[in-house]
Amino acid sequence: MPLGLGSNLSRAISKPITPGIVTDNLVLKHNYNAGSVIPVSDGAAFFDNSNDYVSIADNDSFSFGDGTNDSAMTVSAWINPTDVTNFAIIAKNSASHREWLFTTILEKLHFYVYDNSATAYQGRYYNTDLTSRENTWFHVAATYNGDESDADAGICLYLNGARVDDANFTSGSYTAMENKGGIVTIGRSVANGYYAGGYICNANVFSVALTQAQIKSIMNKNYAGLTSSEKTNLVSWWNLDEGTGTTANDSHGSNTGTATNF
């Protein structure tokens, strides 16, 4: 069946209510409270909160630990959830091959890294219920600086470019992620049984912890809008705007995804 796509996205990046732009030390910034922000995209994949997901084959470029040391990473996407209860965004997190997970858990945004052998994880979350954001577009990003000695402290969460993580999410004695053989999934966390209900587009993975300024720079771009420097540490980027078929193209590399159960 074809990749389910929405037609309600536009190329506009905002619907500002004056003042839509504010200044801070002579730097122009978008005032997100002034109006809703929507992504730059020609479409988005719609997930039914039941069994839809996009799968991407295992690749070493998606692993950021070797069992002893971690390395830096960033994941981000635009989402428009119909249900934020347990909305799986992007993960490398199968039942026996857990590495990292970006999702909501009980309406709250989480990112954590997983030490598979020790059955331990380190993470951060945004301790605010996101139910009021259902049926609206917003951008989410998670960064990790790769410091396995204090992994939770190295994780940052961003919502529409603003840093929001305010609580730790940890369990067990964490050493480092391991390079396991599980697939990457968009719209599903295999280990948790979570699926996405709603739209996702412009999902991506970087092999560096992007700064807040860099996240703000990429968030209102699709792949075609990225500068050369913004692609330097990019692993993969899925616009999810194909419109037909079951292929989710990787605009940056060869990690093409397959839409399942759409």
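> Explain the pairing of strand β10 (residues 138–144) residue by residue, including any values.
Counted residue by residue, β10 has seven buried out of seven residues, so it is predominantly covered. Alternating residues of β10 divide into Phe138, Val140, Ala142 and Tyr144 and His139, Ala141 and Thr143, and every residue in both groups is buried. Alignment of strand β5 (residues 73–83) against β10, held across seven bridges, turns out to be antiparallel. For Ser76, the partnering residue across the bridge sits in β10 and is Ala141. By the bridge criterion, five bridges tie β10 to strand β11 (residues 155–159) in an arrangement that is antiparallel. In the sheet register, Val140 faces β11, and the bridge partner there is Leu159.

> How would you summarise the side chain of Asn80 if you had to cite specific residues and measurements?
Structurally, the position occupied by Asn80 is in strand β5. Given a relative accessible area of 7%, Asn80 falls into the buried group.

> Can you explain the sheet that holds strand β13 (residues 167–168)? Please cite residues and give values.
Taking strand neighbours across the sheet as the criterion, the nine strands line up as β13-β9-β8-β7-β6-β14-β4-β20-β19 in an open arrangement whose pairing is antiparallel. Because the sheet does not close on itself, it has two edges, and the strands there are β13 and β19 (247–248). The sheet contact formed by strand β8 (residues 108–115) and strand β9 (residues 120–125) spans six bridges and is antiparallel. Looking at the pairing, His110 lines up with Tyr125 of β9.

> Describe the packing of aromatic side chains, naming the residues involved and giving the relevant values.
Under the definition given, this model contains ten aromatic pairs. Between Tyr112 and Tyr121, the ring centres sit 4.9 Å apart and the planes meet at 40°, which makes this aromatic pair tilted. Among the aromatic residues, ring-to-ring pairing joins Tyr112, Tyr114, Tyr121, Tyr125 and Phe169 into one connected group. Positioned above the aromatic ring of Phe138, the side-chain terminus of Arg133 is 5.6 Å from the ring centre. In this structure, Arg188 packs its charged tip against the face of Tyr53, placed 4.6 Å from the ring centre.

Parameters at a glance
- Residues numbered from 1 in each chain as written.
- Predicted model: local features only at pLDDT ≥ 70, side-chain atom pairs only at ≥ 80, totals over all residues.
- Heavy atoms only, no water.
- Buried < 20%, exposed > 50% of the residue type's maximum accessible area, 1.4 Å probe, protein only.
- Helix = DSSP H or I, 4+ residues; strand = E, 2+ residues; numbered from the N terminus.
- Pairing = 2+ DSSP bridges.
- Phe/Tyr/Trp six-rings, centres within 6.5 Å; stacked < 30°, edge-to-face > 60°.
- Lys NZ or Arg CZ within 6 Å of the ring centre and 35° of its normal.

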